[in-house]
Amino acid sequence: MLKEEINIDPERVTEKIITFIRDNINSFKRDGAIIGISGGLDSACVVALLSRALEKEKILGLIMPERDSDDKTKDDAELIANTFGIPTKSIDLTSILESFGTYELFPGGLLLSKKTVSRVVRAGYRLLPRGNNPFQGGLLGAKKEWMRYTQAYYRIKHRTRMVHLYYYAEQLNYLVVGTSNKSEDMVGFFVKYGDGAADIMPIANLYKSQVRQLSEWLGVPECIIKKPPSPDLLPGITDELALKISYEKLDLVLLGLKKGIEETEIAREAGINMKTVRYVKNLISLSEHMRKPPKICQTR
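All values reported here derive from a predicted model rather than from experimental measurement.

### Structural notes on the overall build of the chain
So, point 1. The helix and strand tally for the chain stands at 15 helices and four strands.
So, point 2. By the compact-globule yardstick of 19 Å for 300 residues, the chain fits well, its C-alpha radius of gyration being 19 Å.
So, point 3. A principal-axis box enclosing the C-alpha atoms of the chain has dimensions of 55 × 50 × 50 Å.
So, point 4. Per-residue burial for the chain yields a buried fraction of 51% across its 300 residues.
So, point 5. Total accessible area on the chain stands at roughly 15100 Å², and carbon and sulfur atoms take up 53% of it.
So, point 6. The distance from the centre of the 44 positive side-chain charges to the centre of the 38 negative ones in the chain is 6 Å.

What follows is the structure, given as structure tokens:
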């Protein structure tokens, strides 16, 4: 049942999102839209939607790699932009991150090739239990120093990208368009004031598997659709390695919980155990604060 309900009507969804984009361009009184193109599925999907909603010369894609980015990141981002005919600007963030001392948090990485770092990182993540990885461990305060350094290392990259998006958006009077999806949002797999910041989020009501369905219909290149999702912040890290669960299974759990289905039934339909269902529930609970505005002291 859940596997059937996760399916969408891509044409209807596209029409709704196009209207949403156009309405917000008007209500924000902006002249166009800017988006960070990571080379991944979510940004590709949003670029495709923007190209249908606006004149292509009124869209700007920023491509912002840095030292740890995958060697194919820039090529994939350019492929997406070229496929949908939008202009781009490339900015290498390495020197800016160096000025913060970011790479000094893990100086050993400078002595190793990306391939070696990738193997080491993947091996380390596989050994970490779910509750002790930098993702879940950082949803609330992190007590361990190595985890705090890890979070500082990767979060500044997202926030530096967002600073650039707003810097150029304000010069052009453009709307900053985010690329977060519902799967990431519900479990806190984003960076506050980083990729979680934007003026509008066109696909934030779609689970990752639904974004994939929509992308296929929109004509996103197959190599991008089949590419393993990755935050591209550290060599070797993929979304599913960090999350400790595949998006296919995660989306079914999230949908089942939203519909109030019994946990045992969710586990059966998703092909997982009860421990994994409770793990996802815990992620939702731990990340609740990330989906809310800053707390305000009530002085009256």
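### Section: the pairing of strand 1 (residues 32-36)
So, point 1. Burial runs high along strand 1: five of the five residues are buried.
So, point 2. Taking every second residue as pointing to the same face, both faces of strand 1 are buried, with G32, I34 and G36 on one and A33 and I35 on the other.
So, point 3. Pairing of strand 1 with strand 2 (residues 59-63), which is carried by four bridges, proceeds in the parallel orientation. Following the sheet pairing, A33 is matched in strand 2 by I59.

### Digging into the pairing of strand 2
So, point 1. Of all five residues that make up strand 2, five are buried, and the element is covered over most of its length.
So, point 2. In the sheet, strand 2 pairs with strand 3 (residues 88-90) via three bridges, with the strands oriented parallel. Within strand 3, the residue paired with I63 across the bridge is S90.
So, point 3. The handedness of the strand 2 to strand 3 crossover, carried by helix 4 (residues 73-84), is right-handed.

### A few points about helix 10 (residues 208-218)
So, point 1. Every buried residue of helix 10 is accounted for by K208, S209, Q210, V211, L214, S215 and L218.
So, point 2. Directly beyond the C-terminal end of helix 10, a positive phi value near 90 degrees is found at G219.

### Observations regarding the nonpolar core
So, point 1. Counting 36 residues, the largest nonpolar core has I21, I37 and L50 as its most contacted members.
So, point 2. When residues of this core are traced back to their parent elements, those giving at least two are helix 2 (10-27), strand 1, helix 3 (41-53), strand 2, helix 4, helix 10 and helix 11 (222-225).
So, point 3. Here the element with the most residues in this core is helix 3; it accounts for nine residues.
So, point 4. Among residues more than four places away in sequence, those in contact with I21 are L49, L50, A53, L54, I200 and P202.

### Observations regarding the side chain of D232
So, point 1. Its location among the elements puts D232 in the loop between helix 11 and helix 12 (239-243).
So, point 2. In terms of polar contacts, D232 uses its side chain to reach the backbone amide nitrogen of D70, at 2.8 Å.
So, point 3. Separated by 2.6 Å, the side chains of D232 and T73 make a polar contact.
So, point 4. The contact partners of D232, leaving out residues within four places of it in the chain, are E66, D68, S69, D70, T73 and R161.

### Here's the deal with helix 3
So, point 1. Compared with the 18 Å implied by 1.5 Å per residue over 13 residues, the 19 Å span of helix 3 between its first and last C-alpha is a close match.
So, point 2. Along helix 3, twelve of the 13 residues are buried, which leaves the element largely enclosed by surrounding structure.
So, point 3. Within the sequence span of helix 3, burial applies to L41, D42, S43, A44, C45, V46, V47, A48, L49, L50, S51 and A53.

### Re unusual backbone geometry
So, point 1. Phi is positive for K29, close to 55 degrees, though the residue is something other than glycine.
So, point 2. By relative accessible area, which is 67% here, K29 ends up exposed.
So, point 3. Here the phi dihedral of K244 falls at roughly 70 degrees; this positive angle occurs in a residue that is not glycine.
So, point 4. Mapping K244 onto the fold places it in the loop between helix 12 and helix 13 (247-258).

Cut-off values and rules
Residues numbered from 1 in each chain as written. Predicted model: local features only at pLDDT ≥ 70, side-chain atom pairs only at ≥ 80, totals over all residues. Heavy atoms only, no water. Helix = DSSP H or I, 4+ residues; strand = E, 2+ residues; numbered from the N terminus. Rg over C-alpha atoms; globule rule 2.2 N^0.38 Å. Buried < 20%, exposed > 50% of the residue type's maximum accessible area, 1.4 Å probe, protein only. Areas by Shrake-Rupley, 256 points an atom, 1.4 Å probe, with all protein chains shown as cover. Lys, Arg positive; Asp, Glu negative; His and termini not counted. Charge placed at Lys NZ, Arg CZ, Asp CG, Glu CD. Pairing = 2+ DSSP bridges. Right-handed = clockwise from strand over helix to strand, strands pointing away. Core = buried A, V, L, I, M, F, W, Y, C linked by side-chain atoms within 4.5 Å. Contact = heavy atoms within 4.5 Å. Polar contact = N/O pair within 3.5 Å; in protein donor to acceptor, adjacent residues only side chain to side chain. Expected span 1.5 Å × (residues − 1).

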